[in-house]
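What follows is each chain in one-letter form.
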Amino acid sequence: MHPVPNTSQVKITDTVRAIPKLAVLLFRAPPSNIAQIVLWPLKFIFCSIYLLFWPLDGLPGGGVYTNEYPRYLVRYWGQMWAARSHREYSIFHNLACKSPMPTPANSSVTVKSVTHSLHPRRLAIHGESGWNLCEDLDTIIHYHYVAISYRQSDIFQLGTDDEGKMREEERKNQFIDSVRSTTLKCGLQAYWLDLECLGVTTEEMNTDLYQMADIYRGAVFTLITLPESDNQHSIESWRSWGGRVWAFPETFLSRELRYQIGLDGPIIPITLYELANKAYENYTEETAIINAFSGKDRLGRLERLTYIKAAIWRRDLEKQPPQNRQQPKHLGTEDLSYPAERVYALMGFFEHRIMPSILETELQALARLSMANSSDRMAERMVSMLPQDIQPQACWYADNGQYGSQLWDIEPEVNVAGVTESGALVLDGCRATTIRWKNFPEVSFMTTESRRRTVAGTLPITLPVWVLNAAARMPHAATISVDSVFLASAVFMFGAAPFMIAYSISGRILATQPWLIGVKGIMSPKEAADRVYGATLSERQRLFFTPGGSLFAQPAEDNIRKGLESQYDEALRQARDDIYTLIDTCSGTMYYFTAKRPPTVCLFTGREGGLGRFVLCSENCVANELHKETVLRMPSYIHQAMVPCDWVAIASRRTT
């Protein structure tokens, strides 16, 4: 724990007054060897001499006791990209009004019409004159239809030259003919296939692409089309189809599923369990979703949505930057239309949906979807999670928790007021405090009231008065007079002052002023207690290891809930440069944690498993944002000692 040269690190110090420290050294433990016995009188005399010249240093330190942590006074003052309240200014809303999403001419487009459609915009319908693409609403609503699901690379390859484009067009026509024949065989007169029914222009695609959830909901059944294989038991084509982003909405929002292998293969019904065995890896989320949608096991709404989100996020999304993603020609392609494509695929499972926009990132879209469905509070719960790896570009986002908890285990205590242009969440309702790194402060205590201790702590301050009066009267003859009384009183005070100081600080400590103190490196409870309680004679242990508040925590297995000292040994064994110690004087608990940068702010954001979730953040004063460094599980009651603060923004980018 030595400071690194040429950095802002400083040596560990405290501000405990010298006289109480000396009194503790003299009287907390008796001398145990000859050297201590010899030094004890010298320390005693030094304490009296020190008190003679600096008498005010003997006053009880720490100032007036308060039951609150230091206030966090900084607030977020910027504008929001998207706000929960319509009364707040929104950059996104302003841009959307100035540059609305291109839509077909002479059509009335609203969020409901795009995200809660009762019918497709276009259907392929078989009539007296054969197959025709129909956009007439009055005609479409009278036809039942089948929705086609496939993977583009399994049906045809995009041509790069004239020959390739001809081969591509030929394969497309064969596929369309097969779909039409299959539709008639199933006794239906209409189908929806993106190759024909998805709009060609950007305006039409903006309307069609995000009606997918409702298109598959409205179909009589969904037909999964797979390529032929030499091995009839091969599942490679199934896994290829199941790896698409839109595979989950198409599957779980459909009334019935059927599949066809090859362009002229038989139409075979398939259950969700059969589909899962063929198309999906054996993930826990997929299994839980299938059980829920098949009616076998009931899942809570948030639990089901969390599993679906995790499954969609694992689909084969391209890893290129959002601005480089190409607009798709159809749903079967692997190219995605908008940067937030996965969010728009997920929103089909939510009751309240958002208007898709190419202007926003995936983080901004996810925050908007969470705000639109405030009862789920998905973004608020993510803030309190500690993911395996806190991403520099999205510190509030979390798919999993290192503490073994899930999103539905978190009870959020904050609300998302909006999202910034950089993707940071603006939180309302936080309780916050600062973490002290400068040194150990002089902590005040609430003690039992005692007039004797008060008098004992006040009298040594008068020692210089007695000594000066006695010195002034020394030239006079020594008689049993006032002079002798002053001299005797001065000698008595000189010898008794250290005892009085020790008695004045020996009272029972009822409560300690709340502080969060950070130390770079690993400090033991005894070392920390000497800094915090160095001016008290109490021998009672007051700082303890956390039994389950950090990733280093190791609980005892006996009848008393406490943390084991082995977590201290484990932290020492790792010998990492990014390990920190946090001392909470309110609960008397110590935590070891790792962080990329030392956190300076602690936010209370939620509860889980009987403890509070406290997010430790570093600050970016230029961007007016915080960055999540780690999350600790601390006693919930200490949040009452934290003062509510104004809006804060959990940043999407780590500062350097």
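Details of the structure are given in the entry above.
Fair warning: this is a prediction, and the values are worked out from it, not measured in the lab.

**Student:** Sorry, what's going on with the sheet that holds strand β18 (residues 589-594) here?
**Tutor:** Backbone hydrogen bonds are what pair the strands of a sheet, in a parallel or an antiparallel way. Strand order in this open sheet of 4 strands is β15-β17-β18-β16, and the pairing throughout is mixed. Edge strands, defined here as strands with exactly one partner in the open sheet, are β15 (516-520) and β16 (544-545). Here β16 runs beside β18; their pairing, made up of 2 bridges, is parallel. Residue pairing for β18: F545 is matched across the bridge by M590. Most of the contacts of helix α22 (residues 525-532) go to β18, to which it runs at about 120°, and overall it touches β15, β16, β17 (579-584) and β18.

**Student:** Sorry if this is basic, but what is going on with unusual backbone geometry here?
**Tutor:** The phi torsion of most residues other than glycine is negative, and most of the peptide bonds are trans. In this structure, R377 takes a positive phi of about 50° despite not being glycine. Checked against the element boundaries, R377 lands in the loop between α17 (362-372) and α18 (378-383). For A575, which is not a glycine, the phi torsion comes out positive at approximately 50°. Within the secondary structure layout, A575 lies in the loop between α23 (566-574) and β17. A relative accessible area of 66% places A575 in the exposed class.

**Student:** I would appreciate a short explanation of the state of the cysteines in the present structure.
**Tutor:** Disulfides are covalent bonds that connect the sulfur atoms of two cysteines. Per the stated rule, a full pass over the model turns up 0 disulfides. No disulfide involves C602; its sulfur sits 8.2 Å from the nearest other cysteine sulfur, which is in C617. Taking the relative accessible area as the measure of exposure, C602 reaches 0% and is therefore buried. Looking at C645, it has no disulfide partner, and the nearest cysteine sulfur is the one in C430, 5.2 Å off.

**Student:** Can you walk me through the pattern of salt bridges in this structure?
**Tutor:** Pairing between side chains of opposite charge can happen when their charged atoms approach one another. Overall, the coordinates contain 21 salt bridges when judged by the stated rule. Across the pair E362 and R342 runs a salt bridge whose closest N-O atoms are separated by 2.9 Å. Remark: R342 occurs in helix α16 (residues 341-346) and E362 occurs in helix α17; sequence separation between them is 20 residues. In this structure, E413 engages R607 in a salt bridge whose closest nitrogen and oxygen atoms are separated by 2.9 Å. Here the residue E413 occupies a position in the loop between β9 (411-412) and β10 (415-419), and R607 occupies one in strand β19 (residues 601-608), the gap between them amounting to 194 residues. In this structure, a network of salt bridges that share partners links the residues R121, R122 and E135.

**Student:** I would appreciate a short explanation of the nonpolar core in the present structure.
**Tutor:** One recurring pattern in soluble globular proteins is that nonpolar side chains are buried together. Judged by nonpolar contacts, the single largest core of 111 residues is most densely connected at W192, L275, Y280, W396, L427, L582 and L603. With 7 residues, helix α15 (residues 301-313) is the single largest residue contributor to this core. Sequence-distant contacts of Y280, that is, excluding residues within four places in its chain, are made with R239, W241, G242, A247, F248, T251, F252, L275, E286, I290 and R315. F440, A528, Y568 and I579 belong to the second largest nonpolar core, which has 22 residues in total.

Rules behind the numbers
- Along each chain, residue indices are assigned from 1 in the same order as the chain's sequence is written.
- This being a predicted model, a pLDDT of at least 70 is required before a residue's local features are given, and a value of 80 or more before pairs of side-chain atoms are given or counted; all residues contribute to the totals for chains, interfaces and linings.
- Excluding hydrogens and water, the side-chain values take into account all heavy atoms of the structure.
- At least two DSSP bridges between two strands are required for those strands to pair.
- Secondary structure elements are defined from DSSP: runs of H or I of at least 4 residues count as helices, runs of E of at least 2 residues count as strands, and each element is numbered from the N terminus.
- Residue contacts follow a heavy-atom distance rule, with two residues in contact if any of their heavy atoms lie within 4.5 Å.
- In this analysis an axis means a line fitted to C-alpha atoms, helices contributing only their contacting stretch, and an angle means the value between N-to-C directions, from 0 to 180 degrees.
- Classification of residues uses two cut-offs on accessible area relative to the type maximum, computed with a 1.4 Å probe and protein chains only: under 20% is buried, over 50% is exposed, and between them is partly exposed.
- Note that a disulfide, as used here, is simply two cysteine sulfur atoms within 2.5 Å.
- Each salt bridge in this description consists of a side-chain nitrogen of Lys or Arg and a carboxyl oxygen of Asp or Glu lying within 4 Å of one another.
- Grouping buried Ala, Val, Leu, Ile, Met, Phe, Trp, Tyr and Cys residues that are joined through side-chain atoms within 4.5 Å yields what is termed a nonpolar core.

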